Every structure is written in structure tokens, then in C-alpha cells.
Amino acid sequence: MNKQKSRSSIMLMEIIVTVCLFMICGAICIQFFVNAYLADKKTEDLNSAVLWASSSIEIMKSEDAKGALEKCYALGENAGKAYLVYFDEDRNECKKAAAKYVVEDTIDEGKMITLTSKVYKLDGKDKKLIYELTTQKAVY
Amino acid sequence: MNFTKRRGAVVDFIFVLALLGAFAVSALFVVIFGAKVFGNTTKEMDSNFARRTACFYVEEKLRAFDTADGVELSDYDGAPIIKLIQKANDSEYVTYLYMEEYSLMEYTVPADIEFKLRDGRKIVGLEEFEVSKVSDNILHVHLVDEEGGVSDFYKYVQCGIEGGADE
């Protein structure tokens with residue numbers, strides 16, 4: 001009877017160890033998948049941000065930089081020195097209320113004109129910088 | 001005694017079988033989930049590649065041909081075409097960028113040779129390709145890749161854009 005009890009305990013231990021191993025492997029696998037998914041989303045954000053920032057810089061190369069920005073991004077708004085352009089989750093231009101991303105374009109006039117475009121991801125009241133592009137153009 | 005022993009063996013067998021079943025179901029779930037994540041990642045990678053290739057190809061072409069009378073906006077049966085004009089050895093050559101058969105195409109010929117849509121060389125697969133002039137110096141390009149991913153970008157052309165109506 002005692003011998004049988006001991007065999008059952010060993011078997012149970014064996015099963016517990018197997019289940020634990022499987023759980024560890026499963027957790028690692030799921031972690032890989034989640035990381036892959038997050039990296040994919042991050043890449044998508046970065047791709048869009050690069051395109052938006054380079055587009056803004058291209059627009060600001062115009063003689064009337066602010067006017068050109070207003071013409072290209074009609075839903076954008078002026079905020080002091082900056083011009084803000086909002087994009088929704090599907091990366092279409094939208095109004096502030098539906099925004100998931102914001103592109104902040106600034107023009108600093110000095111000896112040279114400095115054009116800066118910063119792309120942020122909005123998360124409630126917080127905003128996280130995804131990409132920033134700065135260039136200068138000469139004043140004639 | 002024998003009955004208890006047999007009952008114990010049956011319970012053990014059912015328990016191991018149930019555990020094996022749970023293992024199989026979980027393994028299947030992990031494989032299906034993994035395949036889905038992998039499929040999505042591949043799809044996104046293809047979409048990003050197509051969009052980025054098309055965007056940067058058009059951008060670089062416009063940058064390379066940004067000379068006086070070098071960039072012209074035209075259309076062929078309603079389809080927008082970017083004409084990039086270059087002079088070499090007293091001859092004029094035209095590079096056409098346009099969409100045909102769901103692909104971004106490029107075709108370079110001497111200016112006096114007739115242009116045919118089908119003669120171009122495929123660059124990358126696309127669903128939509130639209131080009132419009134925002135102002136005399138700014139071009140707006142809208143493209144949609146085969147996976148439905150949309151990209152819009154603006155390009156400043158220093159020397160000006162010929163043809164095409166303003167947006």
C-alpha cells in the first residue's frame with residue numbers, strides 16, 4: 001500500500017514538473033509574440049512619423065512657410081509659434097478631439113530660418129515624442 | 001481492495017489524458033496565436049516596404065530632376081503622370097512616373113517618342129496613386145499600397161512644377 005502511494009506521489013510530481021515546464025515555455029512564447037506585436041506597432045508609428053515630419057519640412061521650405069502649412073493641412077491649428085496638425089488612429093488628418101498623433105511644426109527666424117517638426121503620440125493628457133526633424137534654410 | 005486499485009488506475013489514466021488534452025489545446029492555441037502574429041507582422045512589413053519604396057522613389061526622382069522646367073504634372077486618360085524632363089547631348093529625355101495595372105511604373109524615353117502606359121517598368125505594387133499640385137512649388141502625393149495602407153506626403157520642388165491644376 002505504502003509502495004503504491006509512493007509511486008503515485010512520484011507520478012504526481014512528474015506531472016507537476018511537466019506542467020510547470022510547459023507553463024514557462026508558454027509564457028516565454030507569449031512574451032515573444034507580444035514583443036513582436038509591440039515592435040510592429042512601434043515601427044508603424046515611426047514610419048508614419050518620418051513621413052509626416054519630412055512632409056512638414058518640405059512644406060516649410062516654401063517662401064510663406066506658415067501659409068503653405070495652413071493650405072496643406074486645413075484642419076491644423078496655430079499654437080503660438082507652432083502649427084499643430086492632428087492625425088487619428090488610422091493616420092488620417094483630423095481635428096484635435098479625435099487625435100492620436102500630433103505634429104508640431106515650428107519656424108524660428110534668425111540669421112537662418114530653423115524649421116522643426118516634432119511628432120508626438122497622444123495618450124490621454126500625456127504625449128510621447130516619436131520623431132523629430134530639424135533643418136535650416138537661408139534668408140535671402 | 002481490487003476495486004479500489006482499479007478505480008485509482010482509471011482516475012490516474014483520465015487525469016493524464018485530461019492533462020494531455022489541455023496540453024494539446026494550449027499548444028494549438030499558442031501555434032494559432034503565433035501564426036496570427038507572424039502573419040500580421042509579415043503583412044505590415046510588406047505594406048511598410050511598398051509604401052516606403054513608393055514614397056522615397058518618387059521623392060528622390062523629384063529631387064534629382066529639380067531643375068528649371070524639369071518637373072511637369074500631366075495626365076493620360078485621367079490617370080496622373082509625373083513627367084521628369086532632362087536634357088543631355090542636345091537631346092531631351094522624359095521619365096514618366098505613373099500607375100498602371102496596380103503598380104507604380106517608370107518609363108524613360110527620348111521626348112519625341114510616343115508614350116505608352118504598358119511600356120513602363122514596374123517599381124512596386126500599389127492600389128492607388130494620385131498626384132496634385134498644392135502650389136507652384138508643392139506637390140501632394142497620395143498612395144495606397146496593396147494591403148490598403150495609405151500614405152500622403154508633400155514635396156517641395158525648388159524650380160517649380162509645370163502643368164496640373166492647383167488643389
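Throughout what follows, the structure given in this document is the object of discussion.

About the thresholds
- Residues numbered from 1 in each chain as written.
- Chains lettered and ligands numbered in written order.
- Predicted model: local features only at pLDDT ≥ 70, side-chain atom pairs only at ≥ 80, totals over all residues.
- Heavy atoms only, no water.
- Core = buried A, V, L, I, M, F, W, Y, C linked by side-chain atoms within 4.5 Å.
- Buried < 20%, exposed > 50% of the residue type's maximum accessible area, 1.4 Å probe, protein only.
- Helix = DSSP H or I, 4+ residues; strand = E, 2+ residues; numbered from the N terminus.
- Contact = heavy atoms within 4.5 Å.
- Patch = residues over 30% accessible without salt bridge, like charges linked within 9 Å, V, L, I, M, F, W, Y side chains within 5 Å.
- Areas by Shrake-Rupley, 256 points an atom, 1.4 Å probe, with all protein chains shown as cover.
- Salt bridge = Lys/Arg side-chain N within 4 Å of Asp/Glu carboxyl O.
- Lys, Arg positive; Asp, Glu negative; His and termini not counted.
- Charge placed at Lys NZ, Arg CZ, Asp CG, Glu CD.
- Buried area = accessible area lost by both parts, 1.4 Å probe.
- Polar contact = N/O pair within 3.5 Å; in protein donor to acceptor, adjacent residues only side chain to side chain.
- Nonpolar A, V, L, I, M, F, W, Y, C, P; charged D, E, K, R; others polar.
- Pairing = 2+ DSSP bridges.

On to the nonpolar core. Looking at soluble globular proteins, one finds that nonpolar side chains tend to be buried together. Residues Ile 59, Met 60, Cys 72, Tyr 73 and Phe 87 of chain A together with Ile 138 and Tyr 154 of chain B are the most contacted members of the largest nonpolar core, which totals 24 residues. The set of elements that each furnish at least two residues to this core consists of α1 (2-60), α2 (65-72), β2 (82-87), β4 (101-109) and β5 (112-123) of chain A together with β7 (150-156) of chain B. Examining the composition of this core, we find that six residues originate from one element, α1 of chain A, more than from any other. Ignoring sequence-local partners within four residues, the contact set of Cys 72 of chain A consists of Ile 59 and Glu 93 of chain A together with Val 134, Ile 138 and Tyr 154 of chain B. One finds Leu 51 of chain A together with Ala 50, Leu 73 and Leu 139 of chain B within the second-largest nonpolar core, a separate group that totals 23 residues.

So, about a negative patch on the surface. Residue and element names in this part refer to chain B. On the surface, Asp 46, Glu 127, Glu 128, Glu 130, Glu 146 and Glu 147 cluster together into a patch of negative charge. Looking at the negative patch, the element that brings in the most residues is strand β5 (residues 121-133), giving three residues. Locating Asp 46 in the fold gives a position in helix α1 (residues 2-64).

Moving on to the interface of chain A and chain B. Contacts between the two partners involve 25 residues from chain A and, on the opposite side, 31 residues from chain B. Of the roughly 2,500 Å² buried where chain A meets chain B, counting both sides, 68% is carbon and sulfur surface. In this assembly, chain A and chain B are joined by one salt bridge. Note that Glu 58 of chain A is salt-bridged to Lys 155 of chain B, the shortest N-O span being 3.2 Å. At the boundary of chain A with chain B, the tally comes to seven residue pairs in polar contact (both at pLDDT 80 or more). Put simply, the parts of the chain that give the side of chain A that touches chain B at least two residues each are α1 and α2 of chain A. Of the residues forming the side of chain A that touches chain B, the biggest block, 18 residues, is contributed by α1 of chain A. Of the residues that constitute the side of chain A that touches chain B, the class distribution is 14 nonpolar, six polar and five charged.

Mapped onto the elements, Lys 133 of chain B comes out in strand β5. Engagement of the side chain of Lys 133 of chain B in a polar contact is seen with the backbone oxygen of Ile 161 of chain B, the distance being 3.3 Å.

All names here are of chain B. Relative to strand β2 (residues 79-88), strand β1 (residues 71-76) is paired through six bridges, and the arrangement is antiparallel. Across the sheet, residue Glu 72 finds its bridge partner in β2, namely Lys 83. Hairpin connection between β1 and β2: a loop of two residues separates the two successive antiparallel strands, and Asp 77 in this loop has a positive phi of roughly 55°. As defined by bridge partners, β2 adjoins strand β3 (residues 91-100) across seven bridges and the pair is classed as antiparallel. Across the sheet, residue Leu 84 finds its bridge partner in β3, namely Thr 95. Here β2 folds back onto β3, and the loop between the two strands holds two residues, one of which, Asn 89, carries a positive phi near 50°.

Further remarks concern the side chain of Ser 54 of chain A. Inspection of the secondary structure assignment puts Ser 54 of chain A in helix α1. Ser 54 of chain A gets classed as buried once you look at its relative accessible area, which sits at 16%. With residues up to four places along the chain from it excluded, the contact list for Ser 54 of chain A reads Leu 133 of chain A together with Glu 59 of chain B.

This part takes up the pattern of salt bridges. Once their charged atoms are close, side chains differing in charge can pair, the charge on each being opposite to the other. Overall, the coordinates contain 16 salt bridges over all chains when judged by the stated rule. Asp 108 of chain A is paired through a salt bridge with Lys 81 of chain A; the nearest N and O atoms lie 2.5 Å apart. Placement of Asp 108 of chain A in strand β4 and of Lys 81 of chain A in the loop between β1 (77-79) and β2 is noted, with a sequence separation of 27 residues between them. Judged by relative accessible area, Asp 108 of chain A falls into the partly exposed class, the value being 27%. Asp 145 of chain B is the partner of Arg 51 of chain B in a salt bridge, and the nearest nitrogen-oxygen pair spans 3.0 Å. Here Asp 145 of chain B lies in strand β6 (residues 138-145) and Arg 51 of chain B lies in helix α1, a separation of 94 residues in the sequence. Accessibility assignment for this pair places Arg 51 of chain B and Asp 145 of chain B in one class, buried.

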